[in-house]
Amino acid sequence: MSEKRTVITERIQTGPLMVNTYVVYAQGADSCVVIDPADAAPIKKYAETYGLKIAAVLLTHCHFDHILGVPGLVQDGAKLYIGENDAAGLNDRSVSLCFMELPEMKPDVLLKDGDIITEAGLTIKVIATPGHTAGGVCYVLEETSVIFSGDTLFRFSIGRTDFPGGDHDTLLHSIRKVLFALPEETAVLPGHGPATSIGN
């Protein structure tokens, strides 16, 4: 029977709105994935410190505070993943709500519900959770019973729905019918604020 490996999830708060950016990798691995980077510099520094190549950037949605660091990471070869219905918003400031011009971002992979991502030796399931944005997704790492929820679900709170592409009823459906179907012990690592669990 093989020994269970350790998967490390490092939270680094980045950008003007203190987004929870996550660096995820298996202990002893030489590559990692990054979720929702709002600033490339601290992520690159962390990766260099631990000898990690950034294989992929996974976005939960297209709002500016989750994507500001993307250009600085993809220029070094990281693949860019985003939900198919949020891809256009990356380069549309009326949707991303970005206060500045960013270099054009071209996703390498457009995600849909049920897709499986295999990067950096990790297997990550994609769950479509529209509502905060039209194409928001969450990422499930079943190996460690963790979901990266972006701005869909927070600790005792939910994402805003008054931005372009947001819809309150759709968000509630995503939470009640999709996320709450996960095991109660599943840890929820949100885009802002402290971690929680599906049970909570």
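Let us look at the structure shown here. Note that the structure is a prediction, hence the values are computed from the model and not measured.

Focus on the overall build of the protein
Inference 1: Each helix and strand in the protein was counted, giving four helices and 14 strands.
Inference 2: Taking 16 Å as the expected radius of gyration for a compact globule of 200 residues, we find that the protein reaches 16 Å, a close match to that expectation.
Inference 3: Across its three principal directions, the C-alpha atoms of the protein cover 45 × 40 × 25 Å.
Inference 4: Burial analysis of the protein (200 residues in total) assigns 50% to the buried set.
Inference 5: For the protein, contacts bridging at least 24 residues in sequence account for 53% of all contacts bridging at least 6.
Inference 6: For the protein, the accessible surface area stands at approximately 9,300 Å², while carbon and sulfur atoms represent 51% of it.
Inference 7: Side chains of the protein give 15 positive and 25 negative charges; the mean places of these two sets differ by 2 Å.

Focus: unusual backbone geometry
Inference 1: The phi torsion at D36 lies on the positive side, around 55°, for a residue other than glycine.
Inference 2: The phi angle at F156 is positive, at roughly 60°, despite the residue not being glycine.
Inference 3: Secondary-structure assignment places F156 in the loop between β11 (153–154) and β12 (157–158).

Quick notes on the side chain of T133
Inference 1: Residue position: T133 is located in the loop between β8 (122–128) and β9 (137–141).
Inference 2: Polar contacts involving the side chain of T133 include one to the main-chain amide nitrogen of G136, which spans 3.2 Å.
Inference 3: Excluding residues within four positions of it along the chain, T133 makes contact with H61, H63, D86 and G165.

Topic: the pattern of salt bridges
Inference 1: Per the counting criterion, the structure on display carries six salt bridges.
Inference 2: Among the salt bridges present, the one from R5 reaches E143, with a minimum N-O distance of 2.6 Å. Within this pair, whereas R5 is found in the segment before β1 (7–14), its partner E143 is found in the loop between β9 and β10 (146–150), the two being separated by 138 residues in sequence.
Inference 3: In this structure R5 comes out as partly exposed when scored by relative accessible area, which is 36%.
Inference 4: Given the relative accessible area of 30%, E143 is considered partly exposed.
Inference 5: Put simply, R93 and E101 hold a salt bridge, and the shortest N to O gap is 3.1 Å.
Inference 6: Judged by relative accessible area, E101 falls into the exposed class, the value being 61%.

Digging into the packing of aromatic side chains
Inference 1: Counted by the stated rule, this structure contains four aromatic pairs.
Inference 2: Here the aromatic rings of Y46 and Y50 are separated by 4.6 Å at their centres, their planes lie at 35°, and the arrangement is tilted.
Inference 3: Cluster of aromatic residues (ring-pair linked, three or more members): Y25, Y46 and Y50.

Notes on the pairing of β10
Inference 1: Of all five residues that make up β10, five are buried, and the element is covered over most of its length.
Inference 2: The alternating pattern of β10 places V146, F148 and G150 on one face and I147 and S149 on the opposite face, and all of these are buried.
Inference 3: Pairing between β9 and β10: three bridges, direction antiparallel. By the bridge assignment, V140 is partnered in β10 with I147.
Inference 4: In this structure, the hairpin formed by β9 and β10 is closed by a connection of four residues, where S145 is found at a positive phi of approximately 55°.

Let's talk about the side chain of D151
Inference 1: Its place among the elements puts D151 in the loop between β10 and β11.
Inference 2: Despite being buried, D151 has no salt bridge partner; R160 is the closest side chain of opposite charge, sitting 8.8 Å away.
Inference 3: Among the polar contacts made by the side chain of D151, one reaches the side chain of H61 at a distance of 3.5 Å.
Inference 4: In terms of polar contacts, D151 uses its side chain to reach the side chain of H66, at 3.1 Å.
Inference 5: Setting aside residues up to four positions removed in sequence, D151 forms contacts with H61, D65, H66, H132, I158, G159, G191 and H192.

What counts, and where the lines are drawn
Residues numbered from 1 in each chain as written. Predicted model: local features only at pLDDT ≥ 70, side-chain atom pairs only at ≥ 80, totals over all residues. Heavy atoms only, no water. Helix = DSSP H or I, 4+ residues; strand = E, 2+ residues; numbered from the N terminus. Rg over C-alpha atoms; globule rule 2.2 N^0.38 Å. Buried < 20%, exposed > 50% of the residue type's maximum accessible area, 1.4 Å probe, protein only. Contact = heavy atoms within 4.5 Å. Areas by Shrake-Rupley, 256 points an atom, 1.4 Å probe, with all protein chains shown as cover. Lys, Arg positive; Asp, Glu negative; His and termini not counted. Charge placed at Lys NZ, Arg CZ, Asp CG, Glu CD. Polar contact = N/O pair within 3.5 Å; in protein donor to acceptor, adjacent residues only side chain to side chain. Salt bridge = Lys/Arg side-chain N within 4 Å of Asp/Glu carboxyl O. Phe/Tyr/Trp six-rings, centres within 6.5 Å; stacked < 30°, edge-to-face > 60°. Pairing = 2+ DSSP bridges.

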